[in-house]
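Architecture at a glance
In case you want the letters, here they are:
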Amino acid sequence: MSAVQAIKKFRLHELKGLAGHIQRHGALPTLPKGTEPSGIRLPNPFVPHLNPKTGRWAPPKYSLRRQADLIKKAKETNTLHLLPPGLKLREPEALAKRNAEVPESSSGVVEGTQQSEILEELKPVAFAVDWVGNLPQKEISESKRHVPLYAGKKRMFKGHKWERTKRRRDNHKAMLLRDMDKRIEKYKSYHKRRRVSPITPANRASSKLPF
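About the criteria used
- Residues numbered from 1 in each chain as written.
- Predicted model: local features only at pLDDT ≥ 70, side-chain atom pairs only at ≥ 80, totals over all residues.
- Heavy atoms only, no water.
- Helix = DSSP H or I, 4+ residues; strand = E, 2+ residues; numbered from the N terminus.
- Buried < 20%, exposed > 50% of the residue type's maximum accessible area, 1.4 Å probe, protein only.
- Contact = heavy atoms within 4.5 Å.
- pLDDT = per-residue confidence, 0-100.
- Core = buried A, V, L, I, M, F, W, Y, C linked by side-chain atoms within 4.5 Å.
- Lys, Arg positive; Asp, Glu negative; His and termini not counted.
- Salt bridge = Lys/Arg side-chain N within 4 Å of Asp/Glu carboxyl O.
- Phe/Tyr/Trp six-rings, centres within 6.5 Å; stacked < 30°, edge-to-face > 60°.

**Here we look at the overall build of the chain**
Scanning the chain from N- to C-terminus turns up seven helices and four strands. Each helix and strand of the chain, ordered N terminal to C terminal, gives the series α-β-β-β-α-α-α-β-α-α-α. Looking at the chain residue by residue over its 211 residues, the buried ones come to 22%.

Right, dumping it as structure tokens:
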């Protein structure tokens with residue numbers, strides 16, 4: 001399936017799924033308060049939704065892998081504005097506008113005639129859509145926006161075992177090297193005292209041989 005056909009199939013599939021949404025919930029997806037509808041209201045398939053009847057959250061219809069595949073195909077055809085926002089695509093309109101200035105494809109630059117053919121093929125599904133759904137936001141306090149990785153942590157991450165034991169090994173090595181001269185002198189003097197002198201006669205009384 002080509003990239004254009006994948007985007008077209010996605011839009012048609014979500015439009016057909018609107019009937020099932022109305023049948024389950026009895027109404028169209030509701031926009032946030034103070035928001036005027038600018039197109040067809042469709043539930044965002046890239047984000048989880050809360051079921052008002054059961055009070056449970058339903059996972060996104062498309063997994064992150066499938067979302068990434070659709071985004072790749074939309075980038076090839078410069079049609080990011082036809083996809084809803086999600087964890088893999090926060091601002092599709094802004095990205096599409098930026099890509100329109102320098103359009104890219106898998107083979108290089110999309111030519112003007114080729115881009116016009118793509119837009120003509122997607123024209124039946126290129127209608128305005130209000131994607132309804134709250135995109136999960138990870139709230140980060142202002143004090144933690146520019147904090148280094150290990151700031152405020154009691155210990156570093158697990159790492160390798162040699163990294164965790166490096167400080168202890170270095171301390172032990174430094175202690176051994178500090179007294180190494182005394183230990184060498186003690187070792188040599190000990191064996192020097194026990195060495196038999198060649199000019200001293202052997203003690204026959206202590207010898208175990210019979211002669």
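What follows picks up the thread again.
**Brief notes about unusual backbone geometry**
Phi is positive for Asn78, close to 60 degrees, though the residue is something other than glycine. Residue placement: Asn78 occurs in the loop between α2 (64–77) and α3 (92–101).

**Describing the side chain of Arg11**
Structurally, Arg11 can be placed in helix α1 (residues 3–25). Using a relative accessible area of 3% as the deciding quantity, one classes Arg11 as buried. Those residues in contact with Arg11 that sit more than four places away from it in its chain are Leu82, Val125, Ala126, Phe127, Val129 and Trp131.

**A word on the confidence of the model for the chain**
In this model, the chain carries an average pLDDT of 78, and 73% of its residues clear a pLDDT of 70 or more. Note that residues 102–109 has pLDDT below 50 and, in this model, 10 contacts with residues that lie over four places away or in other chains.

**Section: the nonpolar core**
One finds Ile7, Phe10, Leu70, Leu83 and Leu122 to be the most contacted residues of the largest nonpolar core, which totals 19 residues. Only α1, α2 and β4 (129–132) provide two or more residues apiece to this core. Considering every element that reaches this core, the biggest residue donor is α1, with four residues.

**So, the side chain of Asp130**
Inspection of the secondary structure puts Asp130 in strand β4. Buried charge Asp130 goes without a salt bridge, the closest partner of opposite sign being Arg41 at 6.2 Å. The contacts of Asp130, once residues within four sequence positions are left out, are Leu31, Pro37, Ser38, Gly39, Ile40, Arg41 and Leu42.

**What to know about the packing of aromatic side chains**
Overall, the coordinates contain four aromatic pairs when judged by the stated rule. Between Phe10 and Phe46, the aromatic rings sit 5.7 Å apart at their centres with planes inclined by 35 degrees, giving tilted as the arrangement. Of the two residues, Phe10 is situated in helix α1 and Phe46 in the loop between β1 (40–43) and β2 (49–50); the sequence distance between them amounts to 36 residues. When sorted by exposure, Phe10 lands in the same class as Phe46, which is buried. Seen from their ring centres, Phe46 and Tyr62 are 5.8 Å apart, and the 80 degrees between their planes marks the pair as edge-to-face. Pair noted here: Phe46 is in the loop between β1 and β2 and Tyr62 is in the loop between β3 (57–58) and α2, with a separation of 16 residues, a long-range link. Judged by relative accessible area, Phe46 falls into the buried class, the value being 2%. Given a relative accessible area of 6%, Tyr62 falls into the buried group.

**A word on the pattern of salt bridges**
Any two side chains of opposite charge can pair if their charged atoms end up close together. One pass over the structure, following the stated rule, counts four salt bridges. One salt bridge connects Arg65 with Asp69, and the closest N-O pair in it is separated by 3.4 Å. In this pair, Arg65 and Asp69 both sit in helix α2, four residues apart, roughly one turn of the helix. In this structure Arg65 comes out as exposed when scored by relative accessible area, which is 58%. Accessibility expressed as a relative area gives 30% for Asp69, which makes it partly exposed. For Asp170, the salt bridge is made with Lys166, and the minimal N-O distance between the two is 3.0 Å. Of this pair, Asp170 and Lys166 are both found in helix α6 (residues 166–178), four residues apart, which corresponds to roughly one turn of the helix. Exposure remark for Asp170: the relative accessible area of 31% places this residue in the partly exposed category.

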